[in-house]
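Reading the structure
Okay, here's what each chain looks like letter by letter:
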Amino acid sequence: MKQFDRTIQLEASWKEVLSEEFDKDYMKVLSGFLLKEKQQGKQIYPPGNDIFNAFLYTPLNQVEVVILGQDPYHGPGQAHGLCFSVKPGIALPPSLMNVFSEIKNDLGIEKPNHGCLTSWAKQGVLLLNSVLTVEHGRAGAHQGKGWEQFTDKVIDVLNEKCQQLVFLLWGSHAQKKGAHIDAAKHCVLTSPHPSPLSAHRGFIGNQHFSKANKYLESVGRNPINWQLPSVDDVQLGVNTDNKVENV
């Protein structure tokens, strides 16, 4: 039995294409690493039952847009399995504030009073980090431990099995990660990262949100409503309409 078995659930369409990854040596090594870290008393984010939330909120057959992050936020209560997203009540991280600034510039949508992006995920925006866990206070601590191979597989699946997706690749890391996406099949939009260190070198003004919607509409698909619901309307539970199965 795999060490991940006790905590991992995947939505059925993702389970069909990813379950074999959990039998591979690299994933067994990664599972052992995470177990050892926890046994040493280290705080790992996000909590175990949130690690694969991107796949629970956004089934493979419903993906419209892919936003690729790097690794989870490393502060208490921030990460919950969706890149760039934080739960209501958590202060907005600087990168997310810049994302909202660009949405206002691009679409005229006022900045929300929370940073929970589950409404995007439920519309088909896959909010995927390259690395799915991190140690408290140590950004990038779990890079090179195996997650990158797993998320490379995810990107390969999206590239091969889906048609006419929009990939938003912000920053050099995401662009390298997405280097093998077939731009003849999908819309690939690139810009600097929304981090305060780079946002004003081209992220602000990239118009990716309107461009994504124009592309989706051009291929007969529904645009994304980038305006978040009020904090009172946000539901943190996974969409129960999605069939979830153990790995």
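First things first, this report covers the structure right here in the doc. Only a predicted model underlies this, so the values are computations on that prediction, with no experimental measurement involved.

Rules of the game
Residues numbered from 1 in each chain as written. Predicted model: local features only at pLDDT ≥ 70, side-chain atom pairs only at ≥ 80, totals over all residues. Heavy atoms only, no water. Helix = DSSP H or I, 4+ residues; strand = E, 2+ residues; numbered from the N terminus. Rg over C-alpha atoms; globule rule 2.2 N^0.38 Å. Buried < 20%, exposed > 50% of the residue type's maximum accessible area, 1.4 Å probe, protein only. Contact = heavy atoms within 4.5 Å. Salt bridge = Lys/Arg side-chain N within 4 Å of Asp/Glu carboxyl O.

1. Concerning the overall build of the chain
The helix and strand inventory of the chain stands at eight helices and eight strands. Against the 2.2 N^0.38 benchmark of 18 Å for 247 residues, the chain shows a C-alpha radius of gyration of 17 Å, consistent with a compact globule. Dimensions of the chain, computed from C-alpha atoms along their principal axes, come out at roughly 50 × 35 × 35 Å. Across the 247 residues of the chain, 53% fall into the buried class.

2. As for the environment of His-74
As for its position among the elements, His-74 is in the loop between β3 (65-69) and α4 (94-107). Considered as a pair, His-74 and Ala-212 are 138 residues apart in the sequence and their alpha carbons are 29 Å apart. Excluding residues that lie within four positions of it along the chain, His-74 makes contacts with Tyr-45, Val-134, Glu-135, His-136, Gly-137, Arg-138 and Ala-139.

3. Examining the pattern of salt bridges
The tally for this structure, following the rule as stated, stands at seven salt bridges. In this structure, Lys-87 engages Asp-50 in a salt bridge whose closest nitrogen and oxygen atoms are separated by 3.9 Å. Of this pair, Lys-87 sits in the loop between β3 and α4 while Asp-50 sits in the loop between β2 (44-45) and α3 (53-57), and the two are 37 residues apart along the sequence. Since its relative accessible area comes to 29%, Lys-87 is described here as partly exposed. In this structure, the salt-bridge partner of Asp-152 is Lys-177, at a minimum N-O distance of 2.8 Å. Of this pair, Asp-152 sits in helix α6 (residues 147-161) while Lys-177 sits in helix α7 (residues 172-177), placing them 25 residues apart in sequence. By relative accessible area, Asp-152 is classed as partly exposed at 33%.

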